[in-house]
Structures are given as structure tokens and as C-alpha cells.
Amino acid sequence: MGCRRPVTRRRAVTIVVLVVAVAAAGLWIAADRPPTWYAPPASDDAVAAEVGGAFEHRLVSTVSRVRSDEEPWAVRISEEQVNAWLATRLPAWLRHVGAEPPEQAPQVRLLDGAFVLAAPLGRRMVSATIAPELRDAGLRFEIGGAALGAIPLPVAGRERIAALARTLLGGADDEAARTALALLEGRPLAPTQTLGDGRTVELLAIEVHDGEVLLQFRTVRASPTSRP
């Protein structure tokens, strides 16, 4: 009887160690697992490059179009267009602002009221649910649930997402890069952009629906004193 107790204890310790090892291995595998929907186009995908390029050109021309009045106008952007741009056009933009693009492209999934952003952090994937809203004359991104691979992160995931953005953008010193980082850090931004001819484009509303986002703007003509 006296010899069996140490053996039993050793067995118990062995079982506990095995359980902990299996659990740790499961967490490690789960951390490596991207969202089930994550499947961005390849950076050299010809169809995605055409979609992303056409989307960029259409967006720039629509925003800069000369309008005869200040009536609201809208832009509808599909999930396919966003992800095609992220996969094929974002790398060039990142290099332009002095940052190195990741090996894997970020991908967005548009839902009702929010979008989910999945982006690489090293060899793992971080994802977050983000709800854009106009509040108190500012544009904000409210970050809800976040995950590292398949492991949910605490609500304090904003700091992790902002850290990811800083890692992705590196030391980029560019207005667009600073704007993206400010949004992810939760700082409100003025929903206006001044064009080269002095006109101001103001964001009036943003609606995220399943598979698309609808943006409503108005263009305010430049006063004679503000024209270059």
C-alpha cells in the first residue's frame, strides 16, 4: 500500500502536465488560425488588380468632380472593391509613405452596422469588429470584439489594433497614414477634406450594410478669398 501512493501521485502529475500541454498546444494552434472567411486575392491577381484600380480611379474622380450646387451626393462601395484595393493597391501606397507592406493582405468583411478587419501581426492574424460613426462633429471608429487568430481578446483590444497599425505603417510620415492611425486609436477626426481648388468635401453620413458601405457627402464651393 505504501508504494502505490507515490506512483499514483506521479500519474496524477503526469496527467496534469499532459492536459496543460494539450491546452497550450490548442491555444497555440488557435492563435495561428485566421478567421474562416479570410481569403484575400493574391497581390498579382489580374482581376482583383483591375477591380482595385478602377475603384481607386472612380473614387478619386467622384470626390473631385465639380458640382453646381451643395446638394448631398453618395458613393456606394462594395466589399469586393475594398478587398481588391487592399490586396493589389495598398502595398504600393504603403511603400509610397515609407512603410513595408505585410506578406499577407488585410481583408475586410462588411456587416450590418460594422465591419470586421483581419490583418497580419507577424505570422498571426488579428481581427477586430469596428463600427464607424459620426458623433459630435467627428468621425470615430468604435472597436468592439477583437481576436488573435481564433482566440477572443479582451475589449481593450483597441490598443492591440492601434499597435498593429503602428507596426504596419512603420515610421510613415504621411497625412493619410496619420489619419488611419488616429482613427484606429479612437481619436475623432473632422469629417472634411479640402481639395486642391479650395472646395471642401464633407462627410454627412456613413452606413455599413451586409457586403457594402454607403457614404454620403456634400461639396462646399470655395469662397473667393480661399481660392489659390
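Here the structure is a predicted model, which means the values were calculated and not measured.

### Regarding the overall build of the protein
Across its full length, the protein holds 6 helices and 9 strands. Per-residue burial for the protein yields a buried fraction of 34% across its 228 residues. Nonlocal contacts in the protein, meaning residues at least 24 apart in sequence, comprise 55% of its contacts between residues at least 6 apart. As displayed, the protein offers around 13600 Å² of accessible surface, 58% of which is attributable to carbon and sulfur atoms.

### With respect to the packing of aromatic side chains
Applying the stated criterion to the full structure yields 2 aromatic pairs. Ring geometry for tryptophan 73 and phenylalanine 217: centres 4.9 Å apart, planes at 25°, overall stacked. Placement of the pair is tryptophan 73 in strand S1 (residues 73-78) and phenylalanine 217 in strand S9 (residues 212-220), with a sequence separation of 144 residues. Across the pair, phenylalanine 217 and tryptophan 73 agree in class, each one buried. With a centroid separation of 5.8 Å and 80° between ring planes, the pair formed by phenylalanine 115 and phenylalanine 141 is classed as edge-to-face. With phenylalanine 115 in strand S3 (residues 115-121) and phenylalanine 141 in strand S5 (residues 138-148), the pair connects residues that are 26 residues apart, well separated along the chain. Accessibility classification places phenylalanine 115 together with phenylalanine 141 in one group, the buried group. In this structure, arginine 67 is placed above the aromatic ring of tryptophan 73, and the distance from its NZ or CZ to the ring centre is 3.8 Å.

### Considering the packing of helix H2 (residues 46-64) against helix H3 (residues 79-88)
Where H2 contacts H3, the two axes come as close as 8 Å, and the packing angle between them is 105°. The angle between the axes of H2 and H3 places the two elements in the roughly perpendicular class. The segment H2 lies against H3, with Ala48, Ala49, Val51, Gly52, Phe55, Glu56 and Arg58 engaging Glu80, Gln81, Ala84, Trp85 and Thr88. For the contact of H2 with H3, the class distribution of residues is 6 nonpolar, 3 polar and 3 charged.

### Section: the sheet that holds S9
The strand order across the open sheet formed by 4 strands is S1-S9-S8-S7, and the pairing between neighbours is antiparallel. The open sheet terminates on both sides in strands that have one partner only, identified here as S1 and strand S7 (192-194). When strand polarity is set aside, the average angle formed by the axes of neighbouring strands in this sheet is 30°. In this structure, S7 lies alongside strand S8 (residues 200-209), joined through 3 bridges in antiparallel fashion. Paired with threonine 192 across the bridge in S8 is glutamate 202. Strand contacts of H2: S1 and S8, with the helix running at about 170° to S1, the strand carrying the most contacts. Against the sheet, H3 touches S1 and S9, its axis set at about 70° to S1.

### Notes on the nonpolar core
Ile77, Val108, Phe115, Ile130, Leu215 and Phe217 are the most contacted members of the largest nonpolar core, which has 27 residues in total. It is S5 that provides the largest number of residues to this core, a total of 4 residues. With residues near it in sequence (within four places) discarded, phenylalanine 115 still touches Val108, Arg109, Leu110, Ala128, Thr129, Ile130, Pro132, Phe141 and Val208.

### Examining the confidence of the model for the protein
The predicted model of the protein averages 77 in pLDDT, with 66% of residues at 70 or higher. Confidence over residues 12-31 falls short of pLDDT 50; this stretch has 12 contacts with residues more than four positions distant or in other chains.

### With respect to the side chain of glutamine 107
Structurally, glutamine 107 can be placed in strand S2 (residues 107-110). On the basis of relative accessible area, glutamine 107 is assigned to the buried category, the value being 8%. Setting aside its immediate chain neighbours within four residues, glutamine 107 contacts Trp37, Tyr38, Ala39, Pro40, Asn83, Leu86, Val116, Leu117 and Ala118.

What counts and how
Residues numbered from 1 in each chain as written. Predicted model: local features only at pLDDT ≥ 70, side-chain atom pairs only at ≥ 80, totals over all residues. Heavy atoms only, no water. Helix = DSSP H or I, 4+ residues; strand = E, 2+ residues; numbered from the N terminus. Buried < 20%, exposed > 50% of the residue type's maximum accessible area, 1.4 Å probe, protein only. Contact = heavy atoms within 4.5 Å. Areas by Shrake-Rupley, 256 points an atom, 1.4 Å probe, with all protein chains shown as cover. Phe/Tyr/Trp six-rings, centres within 6.5 Å; stacked < 30°, edge-to-face > 60°. Lys NZ or Arg CZ within 6 Å of the ring centre and 35° of its normal. Axes fitted to C-alpha atoms, helices over the stretch in contact; angles between N-to-C directions. Parallel < 35°, antiparallel > 145°, perpendicular 65-115°, else oblique. Nonpolar A, V, L, I, M, F, W, Y, C, P; charged D, E, K, R; others polar. Pairing = 2+ DSSP bridges. Core = buried A, V, L, I, M, F, W, Y, C linked by side-chain atoms within 4.5 Å. pLDDT = per-residue confidence, 0-100.

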